[in-house]
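Geometric and topological summary
Here is how the chains run, residue by residue.
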Amino acid sequence: MLVEAKFRGEYLLMDRRFSPIFLALLLTLLSLLSACGSNRVGTVPRGTPDTGNGTPAVASTAGPAVAPSAAAGTTGKTYAFIRKDQLWVALNGVAAVQMTHFNYEQAPNVFWQRPLWSPGDRYLALVMNASPAGLGGGGCPGPDFGASGSLYVMDTTTKQFTAMTFPVVQQHASVNGKPHNSSWQYVFWEDSTHLLAWYNGVAGNVGNTVGLYRYDVTAGKLSLVLPLRTLGVTTLTDPQQGMPLMLSMRYSKGQLFYQVVVHPFEQKSQLVIYRHSIAQPAAQSSKVFDMGSEAWCSDAANSAYMRPGWDVSPDGALLVAQHILSGDANTGKSAVQVHRLDDGSETPLFAQMSSDLLGHDLALSWGPDSQKVVATENHPLLQKGPCVTSLANPVTMQQYSLAASGQVIWRADSSAFALQQVDMTDTTGISTVYVFLVGDTHGYTLLTNAHEFAWG
């Protein structure tokens, strides 16, 4: 939460009896306070890392070292990113063009999720949230103001946008004025013309609207695929006493995977990953991986893990996840496992990773080839670079020297991935996108003054 310090004119009147030293000290103090309170508006960083009970974690604010620029052409011919809270898109080798001109005067706190390209790059799905000033914080889990927002789909051929203003689909939606306000969270392309999107409903009045929807871009129709009640869980938007909480979600090959904390807010909460068939929405979910136990948001103890890392391979055959061995905040210990979904066999990964990295939430991501896995810090607590390994040689690990954290975006050929870096204390929204080449231990600057980069 930002606090702007203002001083009335009479506070600056100084008695001539004050000593020159005192005056110098006072002027220095006023200068520092003025710097802290000037022009601090814009994008608030997504997520709030905490110690497990809602207390903000102390994180290093030192940014990564200056990195050399990536080779020409590394961005590729088709990509998207956010700059100054507007969408920019590059198509077929043509320079990136600003596609939105939203007006944020009434909602200056802006959060974007990474744009998601459809297979074939015809469409681009966007989730963004613009909120009024005065956002609060605290509590456990800490608020993530960018978790859900308005859903737009851009047709890159016609440059037209469609807005999912639930339950209405608004064709030819304007992206020049105030953005819509809604509660969409996760989006996945089922194929080149069908988008799966999770709707959270309105906080405090979710009713029966929460669930997974399918948007047919050709027909322009939105339909319910999987209601929340079928999963037997609740969401952080509308938690229910005694009910398991859903923390995150993935999709692969007709299966919806979701991470759940069972018995939340207790000393022995269990973290479990389930899957559910999209083709058989009435069928029961099945448990595929037990991530271990944790005092998740318990008043009795701090916890080391809030959202331990996991991901499902693009081919739908493999799950990679943190397995919590000890969840105490001071001695958090975990291991990373690859779990085969057909026979339940497991392969350890990142055995060489330092214990301090394994002692907190990781962000894990499969490469498009379903062979490589990259692990990063979920939040920039330790300022250590990403690590990558592969199923072909799981006993080896490559760690990059450039510190960057968060969820990565892979290039389609699995030869590189990108990460952005935002100073957690910076609210200007200015960030840099770095690219990491597989087989090269260095990181390179890909784009400046940009974030939420996505290759087509």
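Here the structure is a predicted model, which is why all the values come from computation and not from measurement.

Conventions we followed
Residues numbered from 1 in each chain as written. Predicted model: local features only at pLDDT ≥ 70, side-chain atom pairs only at ≥ 80, totals over all residues. Heavy atoms only, no water. Core = buried A, V, L, I, M, F, W, Y, C linked by side-chain atoms within 4.5 Å. Buried < 20%, exposed > 50% of the residue type's maximum accessible area, 1.4 Å probe, protein only. Helix = DSSP H or I, 4+ residues; strand = E, 2+ residues; numbered from the N terminus. Salt bridge = Lys/Arg side-chain N within 4 Å of Asp/Glu carboxyl O. Pairing = 2+ DSSP bridges. Phe/Tyr/Trp six-rings, centres within 6.5 Å; stacked < 30°, edge-to-face > 60°. Lys NZ or Arg CZ within 6 Å of the ring centre and 35° of its normal.

By size, the foremost hydrophobic cluster in this structure holds 23 residues, and its most contacted members are L87, V89, W112, L124, Y152 and F161. Within the residue set of this core, elements represented by two or more residues are β1 (79–83), β2 (86–90), β4 (109–112), β6 (123–131), β7 (150–155) and β8 (160–165). Ranked by the residues each element gives to this core, the list is headed by β6, at 4 residues.

By the definition in use, this model includes 7 salt bridges. D311 is the salt-bridge partner of R250, the closest N and O atoms lying 3.2 Å from each other. Pair noted here: R250 is in strand β15 (residues 245–252) and D311 is in strand β19 (residues 310–312), with a separation of 61 residues, a long-range link. Comparing R250 with D311 shows no difference in burial state: the two are buried.

Across the sheet, 4 strands lie side by side as β23-β24-β25-β26; this open sheet has antiparallel pairing. Only two strands of the sheet have a single neighbouring strand rather than two, namely β23 (362–366) and β26 (398–399).

Per the counting criterion, the structure on display carries 22 aromatic pairs. With 5.6 Å between their ring centres and 50° between their planes, F102 and Y152 make a pair best called tilted. In this pair, F102 is assigned in the loop between β3 (97–98) and β4 and Y152 in strand β7, connecting sequence segments 50 residues apart. The exposure class of F102 is buried, given its relative accessible area of 6%. Plain terms: the ring middles of W184 and Y213 are 5.8 Å apart, the flat faces sit at 80° to each other, and that makes the pair edge-to-face. Here the residue W184 occupies a position in strand β10 (residues 184–191), and Y213 occupies one in strand β12 (residues 211–216), the gap between them amounting to 29 residues. By the burial criterion, W184 is buried, and Y213 matches it. Positioned above the aromatic ring of W88, the side-chain terminus of R83 is 5.6 Å from the ring centre.

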